[in-house]
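# Descriptive analysis of the structure
So you can see what is in the structure, the chains are spelled out below.
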Amino acid sequence: RKLAMKIYLVLSLCSFVMFATAAGYPQRTYFMEAVLRVGYYGIKCFLNIGFVIVYQYSVEIYPTEARITGSAVNLASGRLAGMLAPLLFEGLREVTHSTMPFFWTIAGAMVLNFGLVDSLRYETAGVPLPDRTEDLAFTTAVTSSYGSTAGSASTGGAQP
């Protein structure tokens, strides 16, 4: 899932840069109009793909007994950010008298997120999902060793 997150962030970043560059370009040529539209539709496409990837990851990191609550907190946080984004946009526009700083701020946040993806604690791809909170120690041991089965339940917790 981490690789998918990084791909979504890179594609979204490219779309934001294309859109912001073309929107700020003083002359409207056919090429710049095409760059603007590709950037616009890329933003619409890749952010939705990213939502699915991040939502799937957020569902998988919680054990079954806490999965619904954890997912609800994540969705609520996303909706709160969605409510604050227009306020940030209008605040930046009022201070800078331009709409472009908002897009460059979002692009910078994507670069920051790209770097922080590696610090996520769990890699959920190909790992059995925990059912109880007691199973989290096993999941941490497996994911911290990049898929190694050392210490797994099949060997009785013994190291090979």
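## Things to note about the overall build of the protein chain
- In terms of regular secondary structure, the protein chain is built from five helices and zero strands.
- Element order for the protein chain, N to C, with α for helix and β for strand: α-α-α-α-α.
- Here the protein chain holds 160 residues, and the buried ones make up 26% of them.
- If you take every contact in the protein chain between residues at least 6 apart in sequence, the share linking residues at least 24 apart comes to 59%.

## A word on helix α1 (residues 2–24)
- Here α1 spans 33 Å end to end across 23 residues, near enough to the 33 Å set by a 1.5 Å rise per residue.
- Among the residues of α1, Lys2, Met5, Lys6, Tyr8, Leu9, Ser12, Ser15, Phe16, Phe19, Ala20 and Ala22 are the ones counted as buried.
- As for α1, its buried residues are in contact with α2 (30–60) and α4 (100–116).

## A short note on the packing of aromatic side chains
- By the definition in use, this model includes seven aromatic pairs.
- Consider the rings of Phe51 and Tyr55, whose centres lie 6.1 Å apart with planes at 15°: the pair is stacked. Pair noted here: Phe51 and Tyr55 are both in helix α2, with a separation of four residues, about one helical turn.
- Through a chain of ring-to-ring contacts, three or more aromatic side chains come together here, namely Phe16, Phe19, Tyr40, Tyr41, Phe89, Phe102 and Phe103.

## Some words on the environment of Glu90
- Inspection of the secondary structure puts Glu90 in helix α3 (residues 67–96).
- Sequence separation between Glu90 and Phe102 is twelve residues, and the spatial gap between their C-alpha atoms is 8.9 Å.

## Quick notes on the packing of α3 against α4
- For the pair α3 and α4, interaxial distance at closest approach is 8 Å and the crossing angle is 125°. When the axis of α3 is compared with that of α4, the two are oblique. Every residue of α4 that contacts α3 at Ala85, Leu88, Phe89, Leu92 and Thr96 is listed here: Pro101, Phe102, Phe103 and Thr105.
- Looking at the contact of α3 with α4 residue by residue, the classes come out as seven nonpolar, two polar and no charged.

## A word on the confidence of the model for the protein chain
- Confidence in the prediction for the protein chain averages 79 pLDDT; 80% of positions are at 70 or higher.
- Low pLDDT (under 50) marks residues 141–160, which in the prediction has 16 contacts with non-local residues, meaning those over four places away or in another chain.

## Some points on the side chain of Ser58
- Here Ser58 lies in helix α2.
- In this structure Ser58 comes out as buried when scored by relative accessible area, which is 6%.
- Contacts of Ser58, omitting those with residues within four sequence positions, involve Ser71 and Asn74.

## Remarks on the environment of Ser15
- With respect to the element layout, Ser15 can be found in helix α1.
- Relative accessible area serves as the criterion here: at 4%, Ser15 is assigned to the buried category.
- Put simply, Ser15 and Gly42 are 27 residues apart on the chain and 5.2 Å apart in space, counted from C-alpha to C-alpha.
- Contact partners of Ser15, with chain neighbours within four places excluded, come to Gly39, Gly42, Ile43 and Phe46.

## A look at the nonpolar core
- In terms of nonpolar packing, the biggest core is built from 20 residues, with Met5, Leu9, Phe16, Phe19, Ala22 and Phe103 touching the most fellow members.
- Examining the composition of this core, we find that seven residues originate from one element, α1, more than from any other.
- In this structure, Ala22 is in contact with Arg28, Met32, Val35 and Leu36, ignoring residues within four places of it in sequence.

Here is what the cut-offs are and how they apply
Residues numbered from 1 in each chain as written. Predicted model: local features only at pLDDT ≥ 70, side-chain atom pairs only at ≥ 80, totals over all residues. Heavy atoms only, no water. Helix = DSSP H or I, 4+ residues; strand = E, 2+ residues; numbered from the N terminus. Buried < 20%, exposed > 50% of the residue type's maximum accessible area, 1.4 Å probe, protein only. Contact = heavy atoms within 4.5 Å. Expected span 1.5 Å × (residues − 1). Phe/Tyr/Trp six-rings, centres within 6.5 Å; stacked < 30°, edge-to-face > 60°. Axes fitted to C-alpha atoms, helices over the stretch in contact; angles between N-to-C directions. Parallel < 35°, antiparallel > 145°, perpendicular 65-115°, else oblique. Nonpolar A, V, L, I, M, F, W, Y, C, P; charged D, E, K, R; others polar. pLDDT = per-residue confidence, 0-100. Core = buried A, V, L, I, M, F, W, Y, C linked by side-chain atoms within 4.5 Å.

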